[in-house]
Amino acid sequence: VQLVESGGGLVQPGGSLRLSCAASGFTFSSYGMNWYRQAPGKVREFVASISSAGGSTKYADSVKGRFTISRDNAKNTVYLQMNSLKPDDTAVYFCNAWIHWTEFWGQGTQVTVSS
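Parameters and conventions
- Residues numbered from 1 in each chain as written.
- Predicted model: local features only at pLDDT ≥ 70, side-chain atom pairs only at ≥ 80, totals over all residues.
- Heavy atoms only, no water.
- Helix = DSSP H or I, 4+ residues; strand = E, 2+ residues; numbered from the N terminus.
- Rg over C-alpha atoms; globule rule 2.2 N^0.38 Å.
- Buried < 20%, exposed > 50% of the residue type's maximum accessible area, 1.4 Å probe, protein only.
- Contact = heavy atoms within 4.5 Å.
- Areas by Shrake-Rupley, 256 points an atom, 1.4 Å probe, with all protein chains shown as cover.

What follows concerns the overall build of the protein. Along its length, the protein carries zero helices and 11 strands. Along its sequence from the N terminus, the protein presents helices and strands in the succession β-β-β-β-β-β-β-β-β-β-β. Relative to its length of 115 residues, the protein is compact, with a C-alpha radius of gyration of 13 Å against a globular reference of 13 Å. Across its three principal directions, the C-alpha atoms of the protein cover 40 × 25 × 20 Å. For the protein, the residues scored as buried account for 42% of the 115 residues in total. Contacts spanning at least 24 positions in sequence make up 51% of the contacts within the protein whose residues lie at least 6 apart. With the model as given, the accessible surface of the protein reaches about 5900 Å², and the carbon-plus-sulfur share is 49%.

Below, the structure is given as structure tokens:
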């Protein structure tokens, strides 16, 4: 199993970014996918999840209405569209999945929201 995030960077408050997580090594369309984030000095926290077919999504209250999780099962990729970004969104963002009762993480991608 391999999860590879991309799309992070530096953005001004109010801006947008789209993160991608390319998955391999398992039947992607059979598993739900998650995004987490970890800010400096803080514990890793849940951001969003999406069901295997993409019909069900969940969000942390802190990002609801601003972030959208989606997936393309033909491309084995899950996305996180982040709009109206705030400085508090600054963190390393991780892709996550439970595959056969084992938890897998990507290496993370840094998102910095600053003027």
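Following the structure, the description resumes.
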